Amino acid sequence: MTFKQEELGELEEQLVLLYRFVSQNNTLKKFYYEGVDIKPSFKDETGILTGLVNNEESEEILKSCIMEIEDAKQEKLNEFHEVLDSYDMEVLFKKYGMSGVEDVDKLDIKKLVGSL
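First, a word on scope: everything that follows refers to the structure included in this document. The shown structure was predicted, so the numbers you read here are calculated from the model rather than taken from an experiment.

**Digging into the packing of aromatic side chains**
Move 1: Per the stated rule, a full pass over the model turns up one aromatic pair.
Move 2: Note on Tyr19 and Phe80: the rings are 4.9 Å apart at their centroids and 75° apart in plane angle, and the pair reads as edge-to-face. Separated by 61 residues along the polypeptide, Tyr19 in helix α1 (residues 5-31) and Phe80 in helix α4 (residues 80-85) bring together distant segments of the chain.
Move 3: Overall, the relative accessible area of 11% leaves Phe80 in the buried class.

**Brief notes about the environment of Tyr96**
Move 1: Among the secondary structure elements, Tyr96 is positioned in the loop between α5 (89-95) and α6 (109-115).
Move 2: We classify Tyr96 as buried; its relative accessible area is 15%.
Move 3: Measuring from C-alpha to C-alpha, the distance between Tyr96 and Lys106 comes to 7.4 Å, with 10 residues separating the pair along the chain.
Move 4: Setting aside residues up to four positions removed in sequence, Tyr96 forms contacts with Glu10, Glu13, Gln14, Leu17, Lys106 and Leu107.

**Examining the pattern of salt bridges**
Move 1: Applying the stated criterion across every chain, the model contains one salt bridge.
Move 2: Between Lys95 and Glu13 there is a salt bridge; the shortest N-O distance is 2.8 Å. Linking Lys95 in helix α5 with Glu13 in helix α1, this pair joins segments that are 82 residues apart in sequence.
Move 3: Given the relative accessible area of 47%, Lys95 is considered partly exposed.
Move 4: Judged by relative accessible area, which is 13%, Glu13 ranks as buried.

Rules used in this analysis
Residues numbered from 1 in each chain as written. Predicted model: local features only at pLDDT ≥ 70, side-chain atom pairs only at ≥ 80, totals over all residues. Heavy atoms only, no water. Phe/Tyr/Trp six-rings, centres within 6.5 Å; stacked < 30°, edge-to-face > 60°. Helix = DSSP H or I, 4+ residues; strand = E, 2+ residues; numbered from the N terminus. Buried < 20%, exposed > 50% of the residue type's maximum accessible area, 1.4 Å probe, protein only. Contact = heavy atoms within 4.5 Å. Salt bridge = Lys/Arg side-chain N within 4 Å of Asp/Glu carboxyl O.

Printed below as a string of structure tokens:
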């Protein structure tokens, strides 16, 4: 599957949002809910978000996808944290109609995962 530069940029933006969501949920589970069986408090009509949050490797998978897109864009950002820091989250939230990372379900998750 080949993408235009604009499509790669949009895909990377959405993956960054998805990564932040998964990372935030995993951090909460790790530090606050370890050993406690809780029901997720986020919307997930497709079940994909729950699958990502429950998969221990999802952060690394998303990180790898983001870095592969960065390579395909031929950017000079070589470190993952540089890629994440290059995005203004408030701008991305506004662009995708989100009030925060918890609104990640507003993205077309099926299409996003299908693009990977």
